[in-house]
Amino acid sequence: MCGIYFCYGCEDCPDLKNFEEQCKSLINRRGPDVQSLFQCGRARALSTVLWLQGKSPYKQPVVTERSCFLWNGDVFKFGDEILSTDQSDTEFIHAKLTQCSTDRDLLRQLEQIQGPWAFVLWDREKNILWYGRDMFGRQSLLILRSEAGVVLASCAPQSEVFKMVEVPADGIFKLDLNDMTRTEPVLYPWDCMLERLNMDCPLVLSSPVKICTVDSRDQVAVTFPTESASIFDELLSDPEVSRLVDTFTDKLTSSVRTRIEHQPDFCKLCVKERLPCRHPCVGVLFSGGLDSTVIAVLAGMLMKEQGNTRDLDLLNVAFASDGSSFDVPDRLTGQQALQVRKCKKFCRK
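Residues numbered from 1 in each chain as written. Predicted model: local features only at pLDDT ≥ 70, side-chain atom pairs only at ≥ 80, totals over all residues. Heavy atoms only, no water.

We now examine the overall build of the chain. What the chain contains, in helices and strands, is eight helices and 19 strands. Counting every position in the chain, which comprises 349 residues, the buried fraction comes to 42%. Contacts in the chain between residues at least 24 apart in sequence constitute 58% of all its contacts with a sequence separation of at least 6. When the accessible surface of the chain is totalled, it reaches about 19,600 Å², and 51% of it is carbon and sulfur. (Helix = DSSP H or I, 4+ residues; strand = E, 2+ residues; numbered from the N terminus. Buried < 20%, exposed > 50% of the residue type's maximum accessible area, 1.4 Å probe, protein only. Contact = heavy atoms within 4.5 Å. Areas by Shrake-Rupley, 256 points an atom, 1.4 Å probe, with all protein chains shown as cover.)

Its 23 residues place the ends of helix H5 (residues 239-261) 33 Å apart at the C-alpha level, agreeing with the 33 Å of an ideal helix rising 1.5 Å per residue. Among the residues making up H5, those that are buried are Val241, Thr253, Val256, Thr258 and Ile260. Capping the start of H5 is the job of one residue whose side-chain oxygen sits 2.9 Å from the backbone nitrogen of glutamate 240: aspartate 238. (Expected span 1.5 Å × (residues − 1). Polar contact = N/O pair within 3.5 Å; in protein donor to acceptor, adjacent residues only side chain to side chain.)

It is worth spelling out helix H6 (residues 290-305) at this point. Note: α-helices contain 3.6 residues per turn, so residues at a spacing of three or four share the same orientation. Compared with an ideal rise of 1.5 Å per residue, which puts 16 residues at 22 Å, H6 spans 23 Å between its outermost C-alpha atoms and is within 8% of the ideal. Looking only at H6, the buried set comprises Ser292, Thr293, Ala296, Val297, Leu298, Ala299, Gly300, Leu302 and Met303. Looking one or two residues past H6, glycine 307 carries a phi angle of roughly 75°, positive in sign.

Now for the sheet that holds strand E12 (residues 149-153). Paired through backbone hydrogen bonds, the strands of a sheet run either parallel or antiparallel to each other. Pairing within the open sheet is antiparallel, and its six strands lie in the order E2-E3-E1-E12-E11-E13. Bordering the open sheet on either side are strand E2 (34-40) and strand E13 (165-166), each of which pairs with just one other strand. Relative to E12, strand E1 (residues 3-9) runs antiparallel, the two being bridged by five bridges. Counterpart to glycine 9 in the pairing with E12 is glycine 149. On top of the sheet, helix H1 (residues 16-30) reaches E1, E2, strand E3 (43-49) and E12; it is set at about 160° to E1, its chief contact. (Pairing = 2+ DSSP bridges. Axes fitted to C-alpha atoms, helices over the stretch in contact; angles between N-to-C directions.)

Attention now goes to the sheet that holds strand E7 (residues 81-82). The sheet built from three strands is open, its strands ordered E7-E6-E8 with antiparallel pairing. With partners counted over all chains shown, the strands left at the sheet margins are E7 and strand E8 (113-114), one partner each. Where strand E6 (residues 77-78) lies against E7, two bridges are found, and the strand directions are antiparallel. Paired with lysine 77 across the bridge in E7 is isoleucine 82.

A few words now on the pairing of E3. Burial of E3 is extensive: seven of the seven residues sit out of reach of the surface. Covered by surrounding structure in E3 are Ala43, Ala45, Ser47 and Val49 together with Arg44, Leu46 and Thr48, the residues of both alternating faces. As defined by bridge partners, E1 adjoins E3 across six bridges and the pair is classed as antiparallel. Looking at E3, one finds that phenylalanine 6 is bridged to alanine 45. Bridge count for E2 against E3 is seven bridges, and the pairing is antiparallel. Along E3, the bridge assignment pairs phenylalanine 38 with alanine 45.

The next thing to look at is the state of the cysteines. Inspection of the entire model under this criterion finds zero disulfides. Cysteine cysteine 68 is unpaired, with the sulfur of cysteine 40 as its nearest cysteine sulfur at 8.9 Å. Look at cysteine 68 and you get buried, because its relative accessible area is 0%. (Disulfide = S-S within 2.5 Å.)

Time to look at the layout of surface pockets. Its volume calculated, the largest pocket comes out at about 1,300 Å³. Along its surface, the largest pocket is lined by 36 residues, and Leu52, Gln263, Cys281, Val282 and Gly283 are the ones closest to its centre. If you list the elements that add at least two residues to the lining of the largest pocket, you get H5, strand E18 (283-285), H6 and strand E19 (313-315). No other element matches the five residues that H5 contributes to the lining of the largest pocket. A breakdown of the residues in the lining of the largest pocket according to their chemical character gives 23 nonpolar, seven polar and six charged. (1 Å grid on protein atoms, 1.4 Å probe; cavity = no way out; pocket = protein on both sides within 12 Å on 5 of 7 lines; lining within 4 Å. Points joined across faces, edges and corners; volume = space filled by probe spheres on them. Nonpolar A, V, L, I, M, F, W, Y, C, P; charged D, E, K, R; others polar.)

Inspection of the secondary structure assignment puts arginine 133 in strand E10 (residues 128-133). Relative accessible area serves as the criterion here: at 4%, arginine 133 is assigned to the buried category. From its side chain, arginine 133 meets the backbone oxygen of glycine 137 in a polar contact 3.3 Å long. A distance of 3.0 Å separates a polar atom in the side chain of arginine 133 from the backbone oxygen of glutamine 139. When near neighbours in sequence (up to four residues on either side) are disregarded, arginine 133 contacts Trp117, Ala118, Gln139, Ser140, Leu141, Glu166, Val167, Pro168, Ala169, Gly171 and Trp190.

Here we take up the environment of phenylalanine 6. Within the secondary structure layout, phenylalanine 6 lies in strand E1. Classification of phenylalanine 6 by relative accessible area gives buried; the value is 1%. It is 5.1 Å that separates the C-alpha atoms of phenylalanine 6 and leucine 152, two residues lying 146 residues apart in sequence. Beyond its immediate sequence surroundings of up to four residues, phenylalanine 6 is in contact with Ala43, Arg44, Ala45, Leu70, Val120, Trp122, Leu129, Val150, Val151 and Leu152.

Here it is, written out as structure tokens:
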């Protein structure tokens, strides 16, 4: 998770300096490893980096004579290509985008990214701004547009003057900065069925719109047994259900494995000095529900497969219900889930 802030214009907006200072304070919390500010003409770009991929933190914004690039995301695959654990995803995506000579080339590159992401790319030569999020909207990105300019940020304070709204996760936006009083952003929408960008019918937007198609789902007819203990055996005896369970298990395991393999080998206490680190570097937000328990077990299994002897941190947040007791539902279910045999075996902390 990184923090990005980009502002073009807005010089005459009241209280801009105070607003930017508040944004900077919030964004610095998102990226403790590297912070950098770039200013050029009417543009200001701030980025803070939380190091999660590559041999070392990669400084942002990434600035060349042609562009300024801000990235908040994780690239686990690019098309069929799996990134090396030594490769910085910021460096990788910036290289891909700077090779593009047309809008279509750039959009084709963006749709290849598998993972959560949000980005801002300022084309300094043409004064064009590109921005957007992945089709599931997994990383935050806020925007404020006016005739005076545009502001984009991962997070922002409450403000009566700078009333920012979330960038819709509908596709990739293109904004011509040469005449802010006349231009509206152009949207290249996601095709949700194909998980690709529709480049043949861009939309000129005067207000946010929602664009999504709904695909049909295969239905599996299952007759449930009367004895609850045999429900899962009965379900798995159906070849189609068994196939879907195997497919889901493979995909979930692959997803957890990718995240574990791409983690740096330093905790937040050791990352600055790059000291030899044996502290936990993998954690699971653990409520004790089915989802978090399965992910915790998979993470523990995969760490053991890799010979990783570090503890796996299970993070459980609870607030005292009556001022003194923390025995709230999530804490109780978390404690119960730890007693499950497989969870107890692999989740050491």
